[in-house]
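Listed here are the chains, written in short residue letters.
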Amino acid sequence: MKKNRRWALGAFLIVFAMPTVSHAMHIMEGFLPKGWCVFWAALTLPFVVLGFRSIKKIIEEKPKLKVLLAMVGAFAFVLSALKIPSVTGSCSHPTGVGLGAILFGPTAMAVVGLIVLLFQAILLAHGGLTTLGANAFSMAVVGPLVAYGVYKLAKKAKAPKGVQVFLAASLGNLMTYVVTSFQLAIAFPAEVGGFTASLVKFMGIFALTQVPLAISEGILTVIVYNAIKAYGNQELKDLNALRGEA
Amino acid sequence: MDTKVKDNHKFNLGKNMILFFLVVLLAITPLLFLKDAEFEGADGQAEEAITEIATDYEPWFEPFWEPPSGEIESLLFSLQAGLGAGIIGYAIGYLKGKNKQEK
């Protein structure tokens, strides 16, 4: 109990010390200089192209996997609509791209993530069209890549399946926000301390807000993965065969 | 490993319920301990943070359309979640039914 109080107090102090700092998931419309918008969009584009190819290949070779593909897309849709309160006294939302990255590989999720971001940018004024490239890079490119990489590593280390999935999804989530802080810091270096000061500022906030959400995303991904494993074992085998893994 | 499917792949409802409960707990805890916090969706605050660092920065693009109120925005967010949840439910049901038939 005492420990909890101290923890809450620490979180309180952070909230009051930096009352105006953001924990928003996506970079807002118009809030990234044009050069950076183009830069991040260009970096994202090849992944999206590869993603379209990968999805096309999956659907052509194993049409039955469409159900599973729709499901991982829907999972990203649901999770990125859930704004969850966090220890810093503000809300943020998970990304939901880790599950798809584990099952379909990282590039397929570049497409799915982009669709989610487009939906939110156009209909919800959440994120933005000009910042789409930057947001897609963090959520649809880096997040899935990290999730996939962590999954492979944990698999190699022979961790239990649940741990593999949990680590992949939660670290993918966390890294998405680290990249967002990086993008903001590099575009808006502080007058005193420059890039590093901005990075420390954005990162400290983002990481702290995101930690419980990353854990939540990890757990939710494990639950859905368990369901897929229980009822869609044939589909999982098809996927592994398709991606050349026994 | 792949041939022994049945038992260790069964969906353990109790275990997964506990996991789900953990997620709920994680979301509720901040609400209990941070009574004065506003829990804003921090997009607006982000704008302030940036204008604080770069005082002369002017956003160069505006969204074409914004939800006219918080209610409409939450409507769209719940539609997003509801649609997604529906598809997930459908897919799991589909897989489960197919699984049963094949046995």
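**Remarks on the pattern of salt bridges**
- For the structure on display, the rule yields two salt bridges over all chains.
- Across the salt bridge formed by Glu235(A) and Lys98(B), the nearest N and O atoms sit 2.9 Å from each other. Separated into two different chains, Glu235(A) in helix α9 (residues 233-242) and Lys98(B) in helix α3 (residues 70-102) make up a pair that spans both. Across the pair, exposure class does not vary: Glu235(A) and Lys98(B) are buried alike.

**So, the nonpolar core**
Residues and elements named next belong to chain A.
- Counting residues in each nonpolar core, the largest one holds 54 residues, and the members touching the most others are Leu68, Leu103 and Phe104.
- The leading source of residues in this core is helix α3 (residues 66-79), at eleven residues.
- In this structure Phe104 touches Ser54, Ile58, Leu65, Leu68, Leu69, Val72, Leu239 and Arg243, once residues within four positions along its chain are discounted.
- By size, the runner-up hydrophobic cluster in this structure holds 24 residues, among which are Cys37, Val141, Val142 and Phe202.

**A word on a nonpolar patch on the surface**
- Taken together, Leu118(A), Ile122(A), Leu123(A), Leu129(A), Phe64(B), Trp65(B), Ile72(B), Leu75(B) and Leu79(B) make up a surface patch of nonpolar side chains, about 810 Å² in accessible area.
- Relative to the helices and strands, Phe64(B) resides in the loop between α2 (43-53) and α3.

**Observations regarding the confidence of the model for chain B**
Residue and element names in this part refer to chain B.
- Scored by pLDDT, chain B has a mean of 81; 83% of the residues are at 70 or more.
- Looking over chain B, one finds the lowest element-wise mean pLDDT in strand β1 (residues 40-41), namely 60, and the highest in helix α1 (residues 13-33), namely 92.
- Two numbers describe this predicted complex: its pTM, 0.85, and its ipTM, 0.83.

Parameters and conventions
Residues numbered from 1 in each chain as written. Chains lettered and ligands numbered in written order. Predicted model: local features only at pLDDT ≥ 70, side-chain atom pairs only at ≥ 80, totals over all residues. Heavy atoms only, no water. Salt bridge = Lys/Arg side-chain N within 4 Å of Asp/Glu carboxyl O. Helix = DSSP H or I, 4+ residues; strand = E, 2+ residues; numbered from the N terminus. Buried < 20%, exposed > 50% of the residue type's maximum accessible area, 1.4 Å probe, protein only. Core = buried A, V, L, I, M, F, W, Y, C linked by side-chain atoms within 4.5 Å. Contact = heavy atoms within 4.5 Å. Patch = residues over 30% accessible without salt bridge, like charges linked within 9 Å, V, L, I, M, F, W, Y side chains within 5 Å. Areas by Shrake-Rupley, 256 points an atom, 1.4 Å probe, with all protein chains shown as cover. pLDDT = per-residue confidence, 0-100.

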